[in-house]
Amino acid sequence: MSKVIEIADYTWKYINTKMPALKDVNLSIEEGSFVGIIGPNGSGKTTLAYSMDGLIPGQYNGIKKGTVGVFGKEVEEYGRGELQRLVGVVFSDPEAQFTAMTVEIELVFGMENLGLTIPEIRERLEWVTELTDLAHLLEKPPYEISGGQKQRVALAAVLAMMPKVLILDEPTSMLDPVSRMRIFDVLAKLKAEQNNTIIVIEHSLEQLIPLADRMILLVDGETVLDEETQTFFRHTELLLGKSVYPPGALRFFHELSQRDRYRGDYPLTVADASTLLEDLI
Ligand SMILES: Nc1ncnc2c1ncn2[C@@H]1O[C@H](COP(=O)(O)OP(=O)(O)O)[C@@H](O)[C@H]1O
Ligand SMILES: [Mg+2]
């Protein structure tokens, strides 16, 4: 598998701060993988996302050490707008990204900028509206739809550009549980049907864990844990120590294991937990 992102000995300090936001980060991300990034507020997650799509150092002043390579090229070597075609980012506040009068125009806008032909635009529009279930909202002004719908529009707008790497920075932090699930439904479909590399920064572990091939924990700008998802949660004691709370089903099995009542991997979903429990009793 080839690496789409390779970060080596990377330290970033914003110009007006004392401590670096990211310290000695080493990580590489394989093409087609689904990576979850978690960590407390201020741990450097957004800074890491900015670093991977070139906003850092492009739009921010600071001091950089080490290297951030995307598709084999250092981020600074990309021309203006070139990297953003490869790496699409969805933020937690979709509103900030809207400029158009209708959802449809919002979706088409980016594709026009890419210089796609009208048939190409039509085909992609159909694909993303179906994927994100927006067909009934195409004629609406983006400011008239709900928060969850807005976030689906933001996601659809980025997907329409077909970036090879998709980064979502806390995409559901402003959404209710149902809207959150719908965003993760889209991600699940993407994972199943496409070969994008998907990086999701998210607090809501319950939805993230079943999709993530790999999980990274950032604390105070450092990668504290970077493992395949199943292995990651063997470190539950460490996670709890860092105020990361795995889903209840997983913690239940961790508790049993602490009491010597269970040995083995922790279940990552409620369904897995039920199966394990049936075997136990
Ligand atoms: N534009 C900025 N200028 C100065 N410091 C910043 C800026 N953005 C973030 N920081 C600082 O960098 C650290 C990491 O922030 P951030 O990457 O936003 O963390 P997270 O996304 O995990 O909450 C924090 O200490 C934050 O205060
Ligand atoms: Mg953040």
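Keep in mind it's a predicted model, so treat the numbers as computed, not measured.

Our next topic: the packing of helix α5 (residues 118–132) against helix α6 (residues 147–160). Close contact between α5 and α6 brings their axes to 9 Å; oriented N to C, the two are set at 145 degrees. For the pair α5 and α6, the crossing hand works out as right-handed. Listed contacts from α6 to Arg124, Leu125, Val128, Thr129, Leu131 and Thr132 of α5 are Arg152, Leu155, Ala156, Leu159 and Ala160. Residue classes in the contact of α5 with α6 are distributed as 7 nonpolar, 2 polar and 2 charged.

Within the span of helix α4 (residues 103–113), buried status applies to Val103, Glu106, Leu107, Val108, Gly110 and Met111. Check the buried side of α4 and you find it contacts α5 and α6. Residue Gly115 follows α4 closely and has a positive phi angle near 80 degrees.

Turning our eyes to something else, we now look at the domain arrangement of the protein chain. As far as domains go, the protein chain holds domain 1 (3–246) and domain 2 (247–281). A separation of 31 Å is found between the C-alpha centroids of domain 1 and domain 2. Taken residue by residue, the interface counts 9 residues in domain 1 and 8 residues in domain 2. Looking at the side of domain 1 that touches domain 2, the elements with two or more residues in it are α8 (205–208) and α9 (229–232). Classifying every residue of the side of domain 1 that touches domain 2 by side-chain character gives 5 nonpolar, 3 polar and 1 charged.

Moving on to the nonpolar core. Among the nonpolar cores identified, the biggest contains 71 residues, and Ile37, Met52, Leu155, Ala156, Ile167 and Ile199 are the most heavily contacted of them. The leading source of residues in this core is α6, at 8 residues. Shared between two domains, this core holds at least three residues of each, these being domain 1 (3–246) and domain 2 (247–281). With near-sequence residues (within four places) excluded, Ile167 lies in contact with Ala49, Met52, Asp53, Val87, Val89 and Ile199.

If you check the shell around ligand 1, you find 13 residues, and the closest are Tyr14, Ala21, Lys45, Thr46 and Thr47. Counting residues per element, the shell around ligand 1 draws most heavily on helix α1 (residues 45–52), at 3 residues. Split into classes, the residues belonging to the shell around ligand 1 amount to 3 nonpolar, 9 polar and 1 charged.

Next up on the list: the pairing of strand β8 (residues 197–201). Burial runs high along β8: 5 of the 5 residues are buried. Where burial is concerned, the two faces of β8 agree: the one with Thr197, Ile199 and Ile201 and the one with Ile198 and Val200 are both buried. Alignment of strand β3 (residues 34–38) against β8, held across 4 bridges, turns out to be parallel. Its bridge partner being in β8, Phe34 is matched across the sheet by Ile198.

This part is about the sheet that holds β3. If you trace the 6 strands from one edge of the open sheet to the other, you get β6-β7-β8-β3-β9-β10, paired in mixed fashion. If you trace the sheet from one side to the other, it starts and ends with β6 (87–90) and β10 (222–228), each paired once. With strand direction ignored, the average angle separating the axes of adjacent strands in the sheet is 15 degrees. Note that strand β7 (residues 165–169) and β8 share 5 bridges and pair parallel. Note on β8: the bridge partner recorded for Leu166 is Ile198.

A few words on α5. In this model α5 runs 21 Å from its N-terminal to its C-terminal C-alpha over 15 residues, within 8% of the 21 Å that 1.5 Å per residue would give. What α5 keeps buried is the set Arg124, Val128, Thr129 and Thr132. In a view along the axis of α5, the buried residues occupy a sector of 130 degrees, so they form one face of it. Counted as exposed and oriented over 90 degrees from the buried face of α5: Pro119, Glu123, Glu126 and Glu130. Positioned one or two residues after α5, Asp133 has a phi angle of 55 degrees, which is positive.

Scoring rules and cut-offs
Residues numbered from 1 in each chain as written. Chains lettered and ligands numbered in written order. Predicted model: local features only at pLDDT ≥ 70, side-chain atom pairs only at ≥ 80, totals over all residues. Axes fitted to C-alpha atoms, helices over the stretch in contact; angles between N-to-C directions. Helix = DSSP H or I, 4+ residues; strand = E, 2+ residues; numbered from the N terminus. Left-handed = near helix turned anticlockwise from the far one by under 90°. Contact = placed C-beta atoms within 7 Å. Nonpolar A, V, L, I, M, F, W, Y, C, P; charged D, E, K, R; others polar. Buried ≥ 20, exposed ≤ 12 C-beta atoms within 10 Å, placed from the backbone. Domains from an automatic or database assignment. Core = buried A, V, L, I, M, F, W, Y, C linked by C-beta atoms within 7 Å. Near = placed C-beta within 6 Å. Pairing = 2+ DSSP bridges. Expected span 1.5 Å × (residues − 1). Arc of directions from axis to C-beta.

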